[in-house]
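# Structural overview for review
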Amino acid sequence: MSSYGAEAKPRMGFFTDTSVCIGCKACEVACKEWNLLPADGLEWTGHSYDNTGELSANSWRHVAFIEQDKPLRIDGDFATADGTMAVDALEGGGAAPMRWLMESDVCKHCTHAGCLDVCPTGSLFRTEFGTVVVQEDICNGCGYCVPACPFGVIDRRELPRKPEDAPLALPLLGSKEDGRVWKCTLCYDRLKGGHEPACAKACPTHSIQFGEVDELRERAEQRLAKLEAQNWNGPRLYGHDADDGVGGFGAFFLLLDEPEVYGLPPDPVVPTQHLPRLWKTTALAAAVMFAGIAAAFAGGAE
Amino acid sequence: MTADSYYGRPIVNEPVWKPEVAFYLFTGGIAGGSAVLHGLAKLAGNERLARSTLWIGAAAEAVCPPLLISDLGRPERFLNMLRVFKVTSPMSVGSWILIVSSGASTTAAALERLRLLGPLQALTEGVWFLSGPPLATYTGALLANTAIPVWSEARDELPWIFGASATACAGAAAAIATPTWCAGPARRAAIGGVVAELGLVHAMEKKLGFVGEVYEQGEAGEYAKVSKALGIAGAVLLAARGRRSRAAAAAGGALILGSSLALRWSVFRAGFQSARDPKYTVIPQKKRAAIRRAESHPASAPD
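Residues numbered from 1 in each chain as written. Chains lettered and ligands numbered in written order. Predicted model: local features only at pLDDT ≥ 70, side-chain atom pairs only at ≥ 80, totals over all residues. Heavy atoms only, no water.

## Quick look at the overall build of chain B
Threshold: The helix and strand labels rest on DSSP assignments: H or I over at least four residues marks a helix, E over at least two residues marks a strand, and numbering proceeds from the N terminus. Every radius of gyration here is taken over C-alpha atoms, with the globule rule written as 2.2 Å times N^0.38, N being the number of residues. Between two residues, a contact is recorded if the distance between any of their heavy atoms is within 4.5 Å. For the accessible areas, the method is Shrake-Rupley and the probe is 1.4 Å, while residue cover comes only from the protein chains on display. We score Asp and Glu as negative and Lys and Arg as positive, and we do not count His or the chain ends. By convention, the charge on Lys lies at NZ, on Arg at CZ, on Asp at CG and on Glu at CD.
Check the secondary structure of chain B and you find 10 helices and zero strands. Taken over C-alpha atoms, the radius of gyration comes to 21 Å for chain B, in line with the 19 Å a tight globule of 303 residues would show. Summarising the internal contacts of chain B: among those between residues at least 6 apart in sequence, 76% fall at separations of at least 24. Here chain B has roughly 11700 Å² of accessible surface; of this, 65% comes from carbon and sulfur atoms. Here chain B holds 31 positive side-chain charges and 21 negative ones, and the gap between their average locations is 6 Å.

What follows is the structure, given as structure tokens:
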């Protein structure tokens, strides 16, 4: 944020503590309402209470639901220290251990953001709050950011074409309203006005906490220590480490199981981490291609 | 291999690119290879080969921008590609390479047609000559610089493969369009390109291991096989009969062009298949994290 000079603000982000999430989806609704996101249709997935499915161009918060045959605490009534259930508890007619994981997922606002790095138009930019935002008046829908995100967050919004849409004239006239990419802005407009993002405001359990990233990281460490002291089963922080493959998330999490259980990558790396070497490979390949074709001229014209 | 996942849903997004992008990888390859063939033919005094590679390259390159513009979600904003130059974005770098290269080839072709031979023509041909190899190989960086496992993990091979394939298809196109008595360099480039491409693709599949299994499955697998078969057939025909028979040269060249197109399609589709199954994202990442943990805490290393 140093390029903002005097206008720079402290880095803002989310700490999403999934241990207190109750799966109410107030965050999803608040986000849709505030950001005027179109509906994605109603589809029954059969995946617990999750009919949203994933983060997309039109869903910038997504609550994951995982029903597990694991105890919530490793010292629980029906559990042994290694996390498996005690046989005598089952034989005694007790209920099988069960926990219901819920996690409100969101754009990670990476310190090293793949989407921002690869954007060829400069539409994606880093704000004075250290967040990553798409300028929708500049995005031309090239789609490079979509596979460049290690989390599968950013996506292109495709509007269904109507029969009356002239297939060729419309894009040229610029009246087709979408085809651009969309993702969480960390409510850039609300931040500008001194408000917290809509999802955090609506969260009834403080599972979504908004604040300065440095302060949130401390809060997360304390929360983790508390859950560990209470023998919770599998608590861990995800994305709080500034030395990880994306330089730490601006929006990080406290999870109760492996990241992939929630549909998150276990060891995300920003693609551009490899780019200096990749450019060298590309230049070398170009030079050898040149030399190879030159060699083809050695045998004369015939 | 299996891995935990969220109801089997993908983790990384499939690309939203349309088939136009795969065709661009092909036409851009022809253009990039033709630029080099053209420049070297000029230097070698092979005017006949220089002329045919100029027409082929200019035509292939003229198709590139419309293909890419058609792929955009907002085609009317294509000029926004030239708002900035970003070395962190292979697409940005590539847009600039393409604008320079296609501008040069179109101008050179027009000057040739109008018989305006002079310093301006030499300049445009020189610019085209130099922009050819980067145009052919940057597309490897474009795909590799993503979170798609089968593309990202092939970052040491893709630029080489696209360079070899560009050499093969530019040589093949020129061998079709040029009389045999002056098409020797084109035939040798085509054959050498195919051989290099086959070896590099094999090396890539071997190195990718488990992540590379998408090259044995679905559309990527089918087109990988088609590409290899057509490439071998074309190269053998070109090597055996291409020097004596124009018809054999044309047939061999066509087979190699087909092989090159099939290769692009195979690599393109492999990315989609790789993104669709979360195990390709999860398993290598878990392995990587475990190795890193073992290196930083040797005592607690898992066996």
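## Things to note about a nonpolar patch on the surface
Residue and element names in this part refer to chain B. To be explicit about the condition: By definition, no residue in a patch forms a salt bridge, and every one has over 30% relative accessible area; like charges are joined within 9 Å, nonpolar side chains (Val, Leu, Ile, Met, Phe, Trp, Tyr) within 5 Å. Should a side-chain nitrogen of Lys or Arg be within 4 Å of a carboxyl oxygen of Asp or Glu, the pair is scored as a salt bridge.
A cluster of nonpolar side chains, Ile99, Val100, Leu120, Leu123 and Val127, forms an exposed patch at the surface whose accessible area comes to about 420 Å². Taken together, the elements giving at least two residues each to the nonpolar patch come down to α3 (90-113) and α4 (119-144). Ranked by residues supplied to the nonpolar patch, first place goes to α4 with three residues. Relative to the helices and strands, Leu120 is located in helix α4.

## So, the sheet that holds strand β8 (residues 208-212) of chain A
All names here are of chain A. Basically, it comes down to this: Note on pairing: DSSP must find at least two bridges between two strands before they are called paired. Axis geometry follows a simple rule: fit a line to the C-alpha atoms, using only the stretch in contact for helices, then measure angles between N-to-C directions, giving values from 0 to 180 degrees.
Spatially, the four strands line up as an open sheet ordered β8-β1-β10-β9, and their pairing is mixed. Of all strands in the sheet, those bounded by a partner on one side alone are β8 and β9 (236-238). In this sheet, neighbouring strand axes are inclined to one another by 20° on average, regardless of whether the strands run parallel or antiparallel. Of the pairings in the sheet, the one linking strand β1 (residues 12-17) to β8 comprises five bridges and is antiparallel in character.

## A short note on the layout of surface pockets
Inclusion rule: Using protein atoms alone on a 1 Å grid, points that fit a 1.4 Å probe yet trap it form a cavity, whereas open point sets bounded by protein on both sides within 12 Å along at least five of seven lines form a pocket; residues with an atom within 4 Å of a point count as lining. Grid points are joined across faces, edges and corners, and a volume is the space filled by probe spheres set on the points. Throughout this entry, Asp, Glu, Lys and Arg are counted as charged residues, while Ala, Val, Leu, Ile, Met, Phe, Trp, Tyr, Cys and Pro are counted as nonpolar. The remaining residues, Gly among them, count as polar.
Approximately 720 Å³ is the volume found for the largest pocket. Those elements that provide at least two residues to the lining of the largest pocket are β9 of chain A together with α10 (279-296) of chain B. Broken down by element, the residue count for the lining of the largest pocket peaks at seven residues, all from α10 of chain B. Among the residues making up the lining of the largest pocket, the classes are represented as nine nonpolar, seven polar and 12 charged.

## Describing the interface of chain A and chain B
This is how the line gets drawn: Accessible area, probed at 1.4 Å, shrinks when two parts are joined; the buried area is that loss added up over both. Nitrogen and oxygen atoms within 3.5 Å of one another constitute a polar contact, given that in protein one can donate a hydrogen and the other can accept it, and given that sequence-neighbouring residues count only through two side-chain atoms.
Counting residues at the interface gives 82 residues for chain A, matched by 79 residues for chain B. Across the chain A/chain B interface, buried area totals approximately 6400 Å², and carbon plus sulfur atoms make up 59% of it. When the buried area of chain A at its contact with chain B is split by residue, Tyr144, Phe297 and Glu302 of chain A rank highest and sum to 11% of it. Put simply, chain A and chain B have six salt bridges between them. For the salt bridge of Arg292 of chain B with Asp267 of chain A, the shortest nitrogen-to-oxygen distance reads 2.9 Å. Where chain A packs against chain B, one counts 36 residue pairs in polar contact (both at pLDDT 80 or more). Those elements that place two or more of their residues in the side of chain A that touches chain B are β2 (61-68), α3 (114-118), α4 (145-148), β6 (155-156), α5 (169-173) and α9 (275-296) of chain A. Of all the elements, α9 of chain A adds the most residues to the side of chain A that touches chain B, at 15 residues. Split by residue class, the side of chain A that touches chain B holds 44 nonpolar, 21 polar and 17 charged.

## Section: a negative patch on the surface
Residue and element names in this part refer to chain A. Residues Glu212, Asp214, Glu218 and Glu221 make up a contiguous surface patch of negative charge. With three residues, the top contributor of residues to the negative patch is helix α8 (residues 213-229). Within the secondary structure, Glu218 is located in helix α8.

## Let's talk about unusual backbone geometry
All names here are of chain A. The line we're drawing: Each residue is placed in one exposure class: buried if its accessible area under a 1.4 Å probe, protein chains only, is under 20% of its type's maximum, exposed if it is over 50%, and partly exposed if it falls in between.
Located in the positive-phi region is Ser48, a residue other than glycine, with phi close to 50°. Within the secondary structure layout, Ser48 lies in the loop between α1 (26-35) and β2. For Ser48, a relative accessible area of 18% gives the class buried. In this structure, Asn231 is a non-glycine residue whose phi angle is positive, near 60°. Looking at where Asn231 falls in the secondary structure, it is placed in the loop between α8 and β9.

## Here we look at the environment of Ser101 of chain B
Residues and elements named next belong to chain B. With respect to the helices and strands, the residue Ser101 is situated in helix α3. Here Ser101 falls in the buried class, since its relative accessible area comes to 0%. Considering only alpha carbons, one finds Ser101 and Ser296, 195 residues apart in sequence, at a separation of 48 Å. Dropping the residues within four chain positions of it, Ser101 is found in contact with Glu61, Trp128, Ser131 and Leu135. Reaching out from Ser101, the side chain makes a polar contact with the side chain of Ser131 at a distance of 3.2 Å.

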